[in-house]
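Next come the chains, spelled out residue by residue.
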Amino acid sequence: MAVLGAYRCIECNREAAELYRDYQRGVLRISICKSCQKPVDKYIEYDPVIILINAVLCKAQAYRHILFNTKINIHGKLGIFCLLCEAYLRWLQLQDSSQNTDPDDLIRYAKEWDFYRMFGIASLEQTSFLLGIFLTLWWMRPEMLKTKSDFILLLKALLLSSYGKLLLIPAVIWEHDYTPLCLAFIKVFVLISNSQAIRVTLNLNRMLPWLAIIFGLILENGVVCLFQKMGWDV
Ligand SMILES: [Zn+2]
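Residues numbered from 1 in each chain as written. Predicted model: local features only at pLDDT ≥ 70, side-chain atom pairs only at ≥ 80, totals over all residues. Heavy atoms only, no water.

A short note on the packing of aromatic side chains
Operational definition: Only Phe, Tyr and Trp rings take part, Trp by its six-membered ring, and two of them pair if their centres are within 6.5 Å. Stacked means planes under 30 degrees apart, edge-to-face means over 60, and tilted covers everything else. Numbering goes from the N terminus for both helices and strands, where a helix is a DSSP run of H or I of at least four residues and a strand is a run of E of at least two. Exposed residues in this analysis have more than 50% of their type's maximum accessible area, buried residues have under 20%, and partly exposed residues fall in between, with area computed by a 1.4 Å probe over protein chains only. Charge-over-ring contacts are defined here by two conditions on Lys NZ or Arg CZ: a distance within 6 Å of the ring centre and an angle within 35 degrees of the ring normal.
In total, this model carries six aromatic pairs according to the counting rule given. Measuring from centroid to centroid gives 5.7 Å for phenylalanine 134 and phenylalanine 151, while their planes differ by 35 degrees, and the two rings are tilted. With phenylalanine 134 in helix H4 (residues 107-140) and phenylalanine 151 in helix H5 (residues 148-160), the pair connects residues that are 17 residues apart, well separated along the chain. The exposure class assigned to phenylalanine 134 is buried, which follows from its relative accessible area of 13%. Taking relative accessible area as the criterion, phenylalanine 151 reaches 29% and is therefore assigned partly exposed. Through pairs of rings, three or more aromatic residues link up here, namely Tyr88, Trp91, Phe115 and Tyr116. Here the guanidinium or amino end of arginine 8 rests over the ring plane of phenylalanine 68, the centre of that ring lying 4.2 Å away. Taking NZ or CZ as reference, lysine 42 lies 5.5 Å from the ring centre of tyrosine 43, over its face.

Section: the coordination of the zinc ion
We apply this condition: Metal donors were taken as nitrogen, oxygen and sulfur atoms no farther than 2.8 Å from the ion, or 3.2 Å where the ion is Na, K or Ca. Water is excluded, so coordination may look unfinished. Tetrahedral means four donors with every angle between 85 and 135 degrees, whereas square planar (four donors) and octahedral (six donors) require angles over 155 degrees between opposite donors and between 65 and 115 for all others; sites fitting neither are termed irregular.
Coordination of the zinc ion by the protein comes from Cys9 (SG), Cys12 (SG), Cys33 (SG) and Cys36 (SG), over a distance range of 2.2 to 2.3 Å. Here the zinc ion binds four donor atoms, and the angle range of 104 to 120 degrees at the metal identifies the geometry as tetrahedral. The sequence motif formed by the donor residues of the zinc ion is C-x2-C-x20-C-x2-C.

Comments concerning the side chain of asparagine 13
To keep things clear, this is the line we draw: Here a polar contact is recorded for every N or O atom pair within 3.5 Å, except that within protein the pair must consist of a potential hydrogen donor and a potential acceptor, and residues adjacent in sequence are included only if both atoms are side-chain atoms. Between two residues, a contact is recorded if the distance between any of their heavy atoms is within 4.5 Å.
On the secondary structure map, asparagine 13 appears in the loop between strand E1 (7-8) and strand E2 (15-16). According to the relative accessible area criterion, asparagine 13 is buried, its value standing at 9%. Of the polar contacts made by the side chain of asparagine 13, one reaches the side chain of arginine 8; its length is 3.1 Å. In this structure, asparagine 13 is in contact with Arg8, Arg64, Phe68 and Asn203, ignoring residues within four places of it in sequence.

Quick word on helix H8 (residues 207-229)
The following threshold applies: One less than the residue count of a helix, multiplied by 1.5 Å, gives the span that helix is expected to have.
With 23 residues, H8 ought to run about 33 Å at 1.5 Å a step, and its terminal C-alpha atoms sit 33 Å apart, in line with that. Of all the residues in H8, the buried ones are Leu208, Pro209, Ala212, Ile213, Gly216, Glu220, Val223, Val224 and Phe227.

Re the side chain of threonine 179
With respect to the secondary-structure elements, threonine 179 resides in helix H7 (residues 179-202). The residues touching threonine 179, leaving out its near neighbours within four places in the chain, are Ala171 and Trp174.

So, the UniProt feature "transmembrane region" (unreviewed entry) in the protein chain
Stated formally: UniProt positions are given in the numbering used here, feature names are shortened, and annotations may be inferred rather than shown by experiment.
The positions UniProt marks with the feature "transmembrane region" (unreviewed entry) are residues 118-139, 151-174 and 208-227. For residues 118-139, the end-to-end C-alpha separation is 31 Å, with 100% helix and 0% strand making up the annotated structure. Regarding residues 208-227, the helix share stands at 100% and the strand share at 0%, and the terminal C-alpha atoms are separated by 29 Å.

Things to note about helix H2 (residues 60-68)
Within H2, eight of the nine residues are buried, which leaves the element mostly enclosed by the surrounding structure. Summarising the contacts, the buried residues of H2 are in contact with E1, helix H1 (48-56), H5 and H7.

Now the structure itself:
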């Protein structure tokens, strides 16, 4: 027996019991939403590449499909990989700023340590960014974040929507005059994706996700300032 609420309509966000019905002998029929009379999830017929393109274009329907109607479970690994990308970028910038030509490479180990340090700092910054978002949303809309599963779904949405950080690596490897501009674009793209993910997950208007993101950024920058006051190179 299909449970109502197992899926969501990607058009109107209403809960649905099933995405398609199996009439046996290979006959399948896409379910129609009772509320908006459109297919509950047209993307189940689409190629993953098309879905990815729609997600890159920040279409709410594609986000709903990925978050509510699939069993994608790569957010943890993706989150760690994005942090590694960020740590690598910072580590590279640190190497550029401290050109040490000492042939006696004790320094190789110091460099390795620097990478782990950058990973730790990037993790703390990311945590404070997420914490800022959670606190704002929990404060403004406590009814939306009542249970543990609400928090987990929002965390999953935020981690998955940060996939744009993977672009940091090619941007740094193929370095050119416009690299700083590319990095700024990547940052903006990730923030837009995060905002769309919050909007879709909690079914909010456009304003509140941006408010949460701004507060997250303030908290993140507060942590950066704290590190700088402690004399750490970040
Ligand atoms: Zn609908």
